[in-house]
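Structure at a glance
What follows is the residue order along each chain.
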Amino acid sequence: MTTLMEPYISSTGYNVFFDDTLAGLETFIRSADYSRILILTDRNTSEHCLPVVQAAIPTVSDYDVIEVDPGEENKNIDFCMGIWRMMLDFGADRRSLLINLGGGVVTDMGGFAASTFKRGIDFVQVPTTLLAQVDASVGGKTGIDMGNVKNIIGTFAQPRAVFISTRFLQTLDRRQLVSGFAEVIKHGLIKDAAFYASVKGLDASDLTATHIQHSVVLKNAVVTQDPTEKGLRKILNFGHTIGHAIEGYSLANDSRPLLHGEAIAVGMICEGYLSYRLNGLEEASFNDLVATFRRHFPDYRYDATCYDALLDLMKNDKKNDGDRIGFALLNAIGACDYDVFAGKAEILESLEFYRTLVN
Ligand SMILES: NC(=O)c1ccc[n+]([C@@H]2O[C@H](COP(=O)([O-])OP(=O)(O)OC[C@H]3O[C@@H](n4cnc5c(N)ncnc54)[C@H](O)[C@@H]3O)[C@@H](O)[C@H]2O)c1
Ligand SMILES: O=C(O)C(=O)C[C@@H](O)[C@H](O)[C@H](O)COP(=O)(O)O
Ligand SMILES: [Zn+2]
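Residues numbered from 1 in each chain as written. Chains lettered and ligands numbered in written order. Predicted model: local features only at pLDDT ≥ 70, side-chain atom pairs only at ≥ 80, totals over all residues.

Naming follows an unreviewed UniProt entry, where the chain appears as 3-dehydroquinate synthase of Parapedobacter composti. If you open the UniProt record of the chain and go to Function (unreviewed entry), you find "Catalyzes the conversion of 3-deoxy-D-arabino-heptulosonate 7-phosphate (DAHP) to dehydroquinate (DHQ)." Recorded in UniProt under Pathway (unreviewed entry), the annotation for the chain is "Metabolic intermediate biosynthesis; chorismate biosynthesis; chorismate from D-erythrose 4-phosphate and phosphoenolpyruvate: step 2/7." (UniProt positions renumbered as here; feature names shortened; annotations may be inferred.)

Encoded structure:
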C-alpha cells in the first residue's frame, strides 16, 4: 500500500491532486485563459461544498453556478438538457470550463454534458463523496442513465484535472460513505490482496486520505493502460453486471432504492459466487468476500419474480458479446479476469445463492 501521500498522481493527460486545501484549483484556473467558468452542483453540494470551493479560489469570483436536483433518479437526459440550456444561457463557448462539484452523479453527468457541449469543452472534477473520490472522478467514464438502464449513454472523456479534498467527507452522511466503501473494497479484490486485507475489517469512517489515495492509485493503474475499456479496464466492473441490474431494478421498484455501492456490494457477492463456481476462486476466499460485504452492507431481499427483469437489464451490459452476458470474475483475492461469459442458469444460481443467504 502507498504509505506516503503523494501530492498528485498522473493519469491520462491530467493529474489527480490530493490536497485538502484545494489550492491547486485556483492555480489551475488562473493558469488557463478560460472565457467562462461554470460550477455544476447539486442542491446538497451547493450547500455543503460550494462554500469550501469559494474559500479556496478567492481570486476567482466571476463564475456562474448550475444546480441540479440530487440523486441517481436525476442522472438523465432531462437534467442534462437543463445543464446544456444553462450553459447556453450563461454564454459558454468552447473556451469555457465546467467544474463538476459533487458525487458521482454530478461528475458523470457533468462530464457528459461538458464532453458533448459544442463538441466538447474542458471540465475538472471536484469529487465530494467517498465514491466519487476513489472511483467516479478518475478515468474519464462519463454518462447518464436511460430509464433504469445504468450509464447507457455516455462518452470516454478525460477531465483536465481532478482535485480531491477529504474535507468534503465531513458533511457526507454515513449511508453514502459506506456506499463508497464498496468501490474501495472492489479495488482491493481485483488488484491488491494486501490492501483488501487491510481495509476489509475497518469501519468506513476509519478510511484515511492514504486509503483513498491508494484506491485511486489502483484504479489509475488500470485506466491508464486501457482508457477506453478494450480489455483490462473491464476488471473495474467486477460486481457490476449483476450489481447494475439490481441497482436499476431497485430504482424502478423500491421506495428507498439501493445506492450504487450498496447494489454493487450485492453484485460482488453474486459475482463472487460465479468466480468460485466458474473461475477458480477458492471457497475460503469466496466465504471471506461474502462475510466482508455482509459485515458492511445491508441485506437486500428479493424473490424469484424479479429474475426475468434482472436478466433483461443484464442484456444491456456493455461487456456483453452479442447474446452472451459478460463478467469480470476473480480467480483469487487480488486477481481478476475479464471477458468471462456465464449462461442464464449460472446467473440464476448466483441470484438464488444470494436470495437464500439473506432470507
Ligand atoms: N464514472 C465512473 O467511473 C463511476 C464510478 C463509480 C460510480 N459511478 C457513478 O457514480 C454515481 C454514484 O455516485 P455517488 O455515490 O457519489 O452518489 P451521488 O452523486 O448521488 O451523491 C450522493 C449524495 O450525497 C450528496 N453529497 C455529495 N457530496 C456531499 C457532501 N460532501 N456532503 C453532503 N452531501 C453530499 C449528494 O447530493 C447526493 O445526495 C452512480 O451514478 C454511479 O453509476 C461512476
Ligand atoms: O471506471 C470503470 O471502468 C468502472 O467500471 C468503474 C465502476 O465502478 C463504475 O460504476 C462505472 O461507472 C461503471 O461503468 P459502466 O461502463 O459499467 O457503466
Ligand atoms: Zn461502480
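We now examine the overall build of the chain. A tally of helices and strands in the chain yields 14 helices and eleven strands. In terms of overall dimensions, the chain is globule-like: its C-alpha atoms have a radius of gyration of 20 Å, near the 21 Å expected for 359 residues. Overall, the C-alpha framework of the chain stretches about 55 × 45 × 35 Å when taken along its three principal axes. Considering the chain as a whole, with its 359 residues, one finds that 50% of them fall into the buried category. (Helix = DSSP H or I, 4+ residues; strand = E, 2+ residues; numbered from the N terminus. Rg over C-alpha atoms; globule rule 2.2 N^0.38 Å. Buried ≥ 20, exposed ≤ 12 C-beta atoms within 10 Å, placed from the backbone.)

Across a sheet, paired strands are connected by hydrogen bonds in the backbone, their directions being either parallel or antiparallel. An order of β1-β2-β9-β6-β5-β3-β4 is seen for the seven strands of this open sheet, with the pairing classed as mixed. Each edge of the sheet is formed by a strand with only one pairing partner; in this case those strands are β1 (8–10) and β4 (64–68). On average, each strand axis in the sheet is inclined to that of its neighbour by 20°, with strand direction left out of account. As paired elements, strand β6 (residues 122–127) and strand β9 (residues 161–164) share two bridges and run parallel to each other. Following the sheet pairing, Gln125 is matched in β9 by Val162. Running at roughly 155° to β9, helix α1 (residues 23–31) makes contact with β2 (15–18), β3 (36–42), β6 and β9 of the sheet. Sheet contacts for helix α5 (residues 104–116): β3, β5 (96–102) and β6; angle to β5, the most-contacted strand, approximately 165°. (Pairing = 2+ DSSP bridges. Axes fitted to C-alpha atoms, helices over the stretch in contact; angles between N-to-C directions. Contact = placed C-beta atoms within 7 Å.)

Further remarks concern the domain arrangement of the chain. Structurally, the chain comprises domain 1 (8–171) and domain 2 (178–201 + 227–358). For domain 1 and domain 2, the distance between their C-alpha centres works out to 28 Å. For the side of domain 1 that touches domain 2, the secondary-structure elements that each account for two or more residues are α6 (130–136) and β8 (149–156). (Domains from an automatic or database assignment.)

Another aspect to go through is the UniProt feature "domain: 3-dehydroquinate synthase C-terminal" (unreviewed entry) in the chain. Feature annotation in UniProt places "domain: 3-dehydroquinate synthase C-terminal" (unreviewed entry) on residues 180–320, given in this structure's numbering. Along residues 180–320 the backbone is 65% helical and 0% strand, and the end-to-end C-alpha distance reaches 26 Å.

One can describe the packing of helix α13 (residues 307–314) onto helix α14 (residues 344–358) by two numbers: an axis separation of 11 Å at closest approach and a directional angle of 120°. Compared by their axis directions, α13 and α14 come out oblique. In this structure, the crossing between α13 and α14 has a hand that is right-handed. Mapping the contact onto sequence places Tyr307, Leu310 and Leu311 in α13 and Lys344, Ile347, Leu348 and Leu351 in α14. (Parallel < 35°, antiparallel > 145°, perpendicular 65-115°, else oblique. Left-handed = near helix turned anticlockwise from the far one by under 90°.)

What surrounds ligand 1 is a group of 32 residues, the closest being Asn44, Pro70, Gly103, Gly104 and Thr129. Of all elements in the fold, only α2 (43–48), α5, α6, β8 and α7 (174–191) reach the threshold of two or more residues within the shell around ligand 1. Residues that form the shell around ligand 1 fall into these classes: nine nonpolar, 15 polar and eight charged. Looking at which domains feed residues into the shell around ligand 1, each of domain 1 (8–171) and domain 2 (178–201 + 227–358) gives three or more. (Near = placed C-beta within 6 Å. Nonpolar A, V, L, I, M, F, W, Y, C, P; charged D, E, K, R; others polar.)

Within a regular strand, the side chains alternate between the two sheet faces. Bridge count between strand β7 (residues 141–146) and β8: five bridges; the pairing is antiparallel. Counted as the bridge partner of Ile144 is Ile153 from β8. In sequence, β7 turns back onto β8 through a hairpin of two residues, with Gly147 there showing a positive phi of about 60°.

Here six bridges tie strand β10 (residues 325–332) to strand β11 (residues 335–342), and the two strands are oriented antiparallel to one another. By the bridge assignment, Ile325 is partnered in β11 with Ala342. Hairpin geometry of β10 and β11 is characterised by an intervening segment of two residues between the two adjacent antiparallel strands and by a positive phi of about 95° at Gly334.

With that out of the way, let us pick up the environment of Pro7. Along the polypeptide, Pro7 turns up in the segment before β1. Once the C-alpha coordinates of Pro7 and Asp42 are considered, the two residues, 35 residues apart in sequence, prove to be 28 Å apart. Not counting chain neighbours up to four residues away, the residues in contact with Pro7 comprise Phe17, Phe18 and Asp19.

In the region of ligand 2, the neighbouring residues are Asp135, Gly139, Lys141, Lys150, Asn151, Glu183, Glu229, Arg233, Leu236, Asn237, His240 and Lys318. When the residues that make up the shell around ligand 2 are grouped by side-chain class, the tally is one nonpolar, four polar and seven charged. Residues lining the shell around ligand 2 come from more than one domain, with at least three contributed by each of domain 1 (8–171) and domain 2 (178–201 + 227–358).

Another aspect to go through is the UniProt feature "domain: 3-dehydroquinate synthase N-terminal" (unreviewed entry) in the chain. In this structure's numbering, the residues bearing the UniProt feature "domain: 3-dehydroquinate synthase N-terminal" (unreviewed entry) are residues 66–177. Taken as a whole, residues 66–177 contains 33% helix and 30% strand, while its terminal C-alpha atoms sit 25 Å from one another.

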